[in-house]
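Examining the three-dimensional arrangement
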Amino acid sequence: MDDSAVSDFLIKYSYDLIIAVDGGLTAAQRLQLKPDYCVGDFDSVSQESLEYFRKIPGIGWETHPPEKDETDTELSIHLALGLGAESIHIFGATGTRMDHTLASIGLLQIPLEAGVSCWLVDGHNRITMIDSAMTLKRSEAFGTYVSLIPFTESVSGVTLEGFKYPLRDYTFVQGNSLGVSNEIVREEAVITIGKGRMLLIESRD
């Protein structure tokens, strides 16, 4: 994710806590951010950035070995939840490594089960996972398009109101692209879900 997109979010939202994850330390240095915590095995961060932050007092360090069962992103989510986070934005988790991107999308289940909203954000997409009703405001939309993709094998009882393509009590199944590229046409758009989990992806070209 480019620095300008991160800067836009830092301006728009107020964050009580910043966690820099591995290579994210380099981005934090470029953006002149002081993390509250640094997490990871630090195998993808420049030595210069690592030494830069090691010299700054007041930063908590959570260092893990490279050979571990969790990704650094998962470890940072657990840390954020343990610290009482009520909402989480994760930047830089959708890069060139598709395996890491898909794993990070799956990790959205962890905060969902904890009742905490969590979004993966890059320059073109904002992604979250939902299993209950959600209201979106057009004035606060991330981009032009809203896509709903089933994460569980099926998602039943889906009703869409305020969208260009509305639905009533529909069942989504995996392997069907019906929910891609919808658009909000009213100030408020409502998504209702009966059972299952869906990825909600807001996108802009």
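Before going into details, it helps to say that this report is about the structure given with it. (Residues numbered from 1 in each chain as written. Predicted model: local features only at pLDDT ≥ 70, side-chain atom pairs only at ≥ 80, totals over all residues. Heavy atoms only, no water.)

Looking only at helices and strands, one finds 6 helices and 12 strands in the protein. Computed over C-alpha atoms, the radius of gyration of the protein comes to 18 Å, within 12% of the 17 Å expected from 2.2 N^0.38 for 205 residues, which places it in the range of a compact globule. Dimensions along the principal axes, computed over C-alpha positions, put the protein at roughly 55 × 35 × 30 Å. Taking all 205 residues of the protein together, 41% fall into the buried category. Counted over contacts in the protein with a minimum sequence separation of 6, partners at least 24 positions apart contribute 60%. (Helix = DSSP H or I, 4+ residues; strand = E, 2+ residues; numbered from the N terminus. Rg over C-alpha atoms; globule rule 2.2 N^0.38 Å. Buried < 20%, exposed > 50% of the residue type's maximum accessible area, 1.4 Å probe, protein only. Contact = heavy atoms within 4.5 Å.)

What follows deals with the pattern of salt bridges. Per the counting criterion, the structure on display carries 6 salt bridges. Of the charged contacts in the structure, one is a salt bridge between Asp 41 and Lys 68, with a shortest N-O distance of 2.6 Å. Of this pair, Asp 41 sits in the loop between β2 (37-40) and α3 (47-54) while Lys 68 sits in the loop between β3 (60-63) and α4 (72-82), placing them 27 residues apart in sequence. Judged by its relative accessible area of 12%, Asp 41 falls in the buried class. (Salt bridge = Lys/Arg side-chain N within 4 Å of Asp/Glu carboxyl O.)

Turning next to helix α5 (residues 98-106). Where α5 is concerned, the buried positions are Thr 101, Ser 104, Ile 105 and Gly 106. On its buried face, α5 sits against α4, α6 (109-113), β5 (117-121), β6 (125-130) and β12 (198-203).

This paragraph deals with the nonpolar core. Counting 20 residues, the largest nonpolar core has Phe 163, Ile 191, Met 198 and Leu 200 as its most contacted members. Elements that contribute at least two residues to this core include exactly β5, β8 (145-150), β9 (154-161), β10 (167-173), β11 (188-192) and β12. Among the elements that make up this core, the one with the highest residue count is β9 (3 residues). Judged by nonpolar contacts, the second largest core, of 16 residues, contains Ala 93, Leu 107, Val 116 and Cys 118. (Core = buried A, V, L, I, M, F, W, Y, C linked by side-chain atoms within 4.5 Å.)

The next subject is the sheet that holds β10. Strand order across the open sheet formed by 4 strands is β7-β11-β9-β10, with antiparallel pairing between neighbours. Since the sheet does not close on itself, it has two edges, and those belong to β7 (134-137) and β10, each with one partner. On average, each strand axis in the sheet is tilted by 25° relative to the strand beside it, whichever way the strands run. Strand direction decides the pairing type here: β7 and β11, joined by 4 bridges, are antiparallel. Pairing of Lys 137 across the sheet is with Glu 188, part of β11. (Pairing = 2+ DSSP bridges. Axes fitted to C-alpha atoms, helices over the stretch in contact; angles between N-to-C directions.)

Before going further, it helps to spend a moment on the packing of aromatic side chains. Going through the model one piece at a time under the given rule, you end up with 4 aromatic pairs. For the pair Tyr 15 and Phe 91, a centre-to-centre distance of 6.4 Å together with 80° between the ring planes defines the contact as edge-to-face. Residue Tyr 15 is located in the loop between α1 (3-12) and β1 (19-21), and its partner Phe 91 is located in strand β4 (residues 87-91); the two are separated by 76 residues in the primary sequence. Residue Phe 91 is classed as partly exposed on the basis of its relative accessible area of 26%. With a centroid separation of 5.0 Å and 85° between ring planes, the pair formed by Tyr 52 and Phe 53 is classed as edge-to-face. A relative accessible area of 37% means that Tyr 52 is categorised as partly exposed. Take Phe 53: its relative accessible area is 0%, and that puts it in the buried class. Against the face of Phe 42 rests Arg 54, its NZ or CZ located 6.0 Å from the ring centre. (Phe/Tyr/Trp six-rings, centres within 6.5 Å; stacked < 30°, edge-to-face > 60°. Lys NZ or Arg CZ within 6 Å of the ring centre and 35° of its normal.)

Once that is clear, we can look at the side chain of Ser 49. Positionally, Ser 49 belongs in helix α3. Among the polar contacts made by the side chain of Ser 49, one reaches the side chain of Thr 26 at a distance of 3.4 Å. With sequence-adjacent residues up to four places away left out, Ser 49 is seen in contact with Leu 25, Thr 26 and Gln 29. (Polar contact = N/O pair within 3.5 Å; in protein donor to acceptor, adjacent residues only side chain to side chain.)

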